[in-house]
Amino acid sequence: MIIEPKTRGFICLTAHPTGCEQNVINQIEYVKSKGAIDGAKKVLVIGASTGFGLASRITSAFGCGASTIGVFLEKAPSAGRPASPGWYNSAAFEKHAHEAGLYAKSINGDAFSNEIKQQTIDMIKEDLGQVDLVIYSLASPVRTNPNTGKRHKSVLKPIGDVFSNKTVDFHTGNVSEVSIQPATEDDIANTVEVMGGEDWEMWIDAMREAGVLAEGAETYAYSYIGPKLTEPVYRKGTIGAAKDHLEATAHKITEKLADMGGKAVVSVNKALVTQASSAIPVIPLYISLLYKIMKADGIHEGCIEQIQRLYADRIYSGDMKLDEKGRIRIDDWEMRDDVQAKVDELWAIATTENLSEIGDLKGYSDDFFNLFGFKVDGVDYDADVNEVVEIPSLA
Ligand code: NAD
Ligand code: NA
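Residues numbered from 1 in each chain as written. Chains lettered and ligands numbered in written order. Predicted model: local features only at pLDDT ≥ 70, side-chain atom pairs only at ≥ 80, totals over all residues. Heavy atoms only, no water.

We note that V282 has phi near 80 degrees; this positive angle belongs to a residue other than glycine. Mapped onto the secondary structure, V282 falls in the loop between α8 (275-278) and α9 (283-296). Judged by relative accessible area, V282 falls into the buried class, the value being 0%. Even without a glycine there, the phi angle at K321 is positive, about 50 degrees. Its location among the elements puts K321 in the loop between α10 (303-315) and β13 (328-329). (Helix = DSSP H or I, 4+ residues; strand = E, 2+ residues; numbered from the N terminus. Buried < 20%, exposed > 50% of the residue type's maximum accessible area, 1.4 Å probe, protein only.)

Another point: the packing of helix α1 (residues 17-33) against helix α2 (residues 51-64). Running from amino to carboxyl end, α1 crosses α2 at an angle of 50 degrees, the nearest separation of the two axes being 9 Å. Here α1 is positioned oblique relative to α2, judged by the angle of their axes. Note on packing geometry: the crossing formed by α1 with α2 is right-handed. The residues of α2 that touch α1, namely those facing V24, Q27, I28, V31 and K32, are L54, A55, I58, T59, F62 and G63. Looking at the contact of α1 with α2 residue by residue, the class counts come to 7 nonpolar, 3 polar and 1 charged. (Axes fitted to C-alpha atoms, helices over the stretch in contact; angles between N-to-C directions. Parallel < 35°, antiparallel > 145°, perpendicular 65-115°, else oblique. Left-handed = near helix turned anticlockwise from the far one by under 90°. Contact = heavy atoms within 4.5 Å. Nonpolar A, V, L, I, M, F, W, Y, C, P; charged D, E, K, R; others polar.)

Within soluble globular proteins, side chains that are nonpolar tend to cluster in buried spots. Ranked by internal contacts, the top residues of the largest apolar core, which has 94 residues, are I58, F62, Y286 and Y311. Ranked by the residues each element gives to this core, the list is headed by α9, at 9 residues. For Y311, the contacting residues outside a window of four places in its chain are I37, S56, T59, S60, C64, L133, I135, Y316 and S317. In terms of nonpolar packing, the next biggest core, distinct from the first, is built from 31 residues, W203, I204, L246 and A250 among them. (Core = buried A, V, L, I, M, F, W, Y, C linked by side-chain atoms within 4.5 Å.)

So, about the coordination of the sodium ion (ligand 2). Six octahedral donors around a metal ideally make angles of 90 or 180 degrees; four tetrahedral donors ideally make 109.5 degrees. The protein atoms that coordinate the sodium ion (ligand 2) are G47 (O), T50 (O), G53 (N), S137 (O) and S137 (OG), at distances of 2.7 to 3.2 Å. All donors to the sodium ion (ligand 2) come from one chain, and their sequence spacing reads G-x2-T-x2-G-x83-S. Here G53, found in helix α2, pairs with S137, found in the loop between β6 (131-136) and β7 (142-144); they are 84 residues apart in sequence, far enough to count as distant. Accessibility assignment for this pair places G53 and S137 in one class, buried. (Donors = N, O, S within 2.8 Å, 3.2 Å for Na, K, Ca; no water.)

Quick look at the UniProt feature "domain: Trans-2-enoyl-CoA reductase-like NAD(P)H binding" (unreviewed entry) in the chain now. The UniProt entry lists residues 2-78 under the feature "domain: Trans-2-enoyl-CoA reductase-like NAD(P)H binding" (unreviewed entry), expressed in the numbering used here. Each end of residues 2-78 is marked by a C-alpha atom, and these two atoms are 14 Å apart; helix forms 40% of the span and strand 19%. (UniProt positions renumbered as here; feature names shortened; annotations may be inferred.)

Before going further, it helps to spend a moment on the pattern of salt bridges. Here the structure, examined in full by the defined rule, presents 27 salt bridges. Measuring nitrogen to oxygen at the nearest pair gives 3.9 Å for the salt bridge that ties K32 to E29. Taken as a pair, K32 and E29 lie in helix α1 at a separation of 3 residues, close to a single helical turn. Since its relative accessible area comes to 46%, K32 is described here as partly exposed. Given a relative accessible area of 43%, E29 falls into the partly exposed group. In this structure, E218 engages K263 in a salt bridge whose closest nitrogen and oxygen atoms are separated by 3.6 Å. Here K263 lies in strand β12 (residues 263-268) and E218 lies in strand β11 (residues 213-223), a separation of 45 residues in the sequence. Shared partners join several salt bridges into a network, and the residues in it are R235, D244, E247, D323, R327, R329 and D331. (Salt bridge = Lys/Arg side-chain N within 4 Å of Asp/Glu carboxyl O.)

Before going further, it helps to examine the pairing of β11. Of all 11 residues that make up β11, 9 are buried, and the element is covered over most of its length. Here β6 runs beside β11; their pairing, made up of 5 bridges, is parallel. Considered in β11, the bridge of V134 is made with T219. Alignment of β11 against β12, held across 6 bridges, turns out to be parallel. For Y220, the partnering residue across the bridge sits in β12 and is V265. Once you follow β11 into helix α7 (residues 238-257) and on to β12, the crossover reads as right-handed. (Pairing = 2+ DSSP bridges. Right-handed = clockwise from strand over helix to strand, strands pointing away.)

Given below as structure tokens:
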């Protein structure tokens, strides 16, 4: 079939297999171009199909030469109905990993459930014995807690006061004022349930108990801080409360792993266009200004540049350069004073009329479509493609 983007608000309902594969190939080529990394050899990535998790899987495999198991929740294709992009990404990843002689298997299901944890543990036991690195990169709007059976929904709201600021509809370029009502106590608790650290800890507990964590195993999860501008809706909002919990959980897991020389660390990553971040009000406007500035300064990075640098210059460099809270800061270039000062300047004057000039609205929009395999250089979108693509290990 011919597959075209079909957008509804912040989501795109279709994805292009060839475009997704080209994205994966581009990421593999980037990692290979940066040279080998002396790192983990057996890696579990939870949330491995898109964004930072996919970049982590690619860097583990093609940077460190690692065997990888990837867990994700993606929609399989059927005749006439394209898969979700993470499905096509994972199919392409496995194909290229296998061609390179690398072990790669995937598990498609709810990572929050006990069943998928057990399935993953069984696969590790059978195929790898143990893993030495666990990347936790889930982003989800909902979680069913397996202990209570309760389904929680996360929200993106400020805490305490109404937050009003500028935002942009990145499809139209229309800059407007949004006001977001503050969260209730329940909203906060639910968001922490979904995006906090409880599930990360449950994974590590279950893996340790099953004996599938190697001596000295490490685990990393991803967080975000961002500028003052977005603080009310991000770091001091409901999602920030969840990130506080995630970061606290790192210390808790490290204590639990101390006897086997293991550790858990949070890496604070840069703001990027992903399916998750497109849905947060105010953030797209911030990102479009940030992109313009960072590209002009030659310091722009996507997920793969971020994660390759995380592995090469932090995790496996011998010095993680932790901040005062024990976090890795790979958001260091985003947070540079000169970069943030320029964002502030542009933010103050941003309007519908000038945004395409002072901001990188096109970069934002292109990145958004790229997530779904569209507008990828070198892909012939007029060509007929088979939408039914199998992930080799799931076939
Ligand atoms: P993403 O949406 O691209 O990836 C989410 C992954 O989680 C996918 O692989 C998806 O399949 C998987 N997933 C979701 N629900 C699942 C479930 N129930 N079971 C199994 N898998 C499931 O998100 P991302 O932007 O790469 O975010 C990953 C992490 O990085 C998050 O913790 C996020 O907060 C953090 N982060 C994001 C940004 C940003 O700007 N995007 C910046 C810093 C940190
Ligand atoms: Na991810």
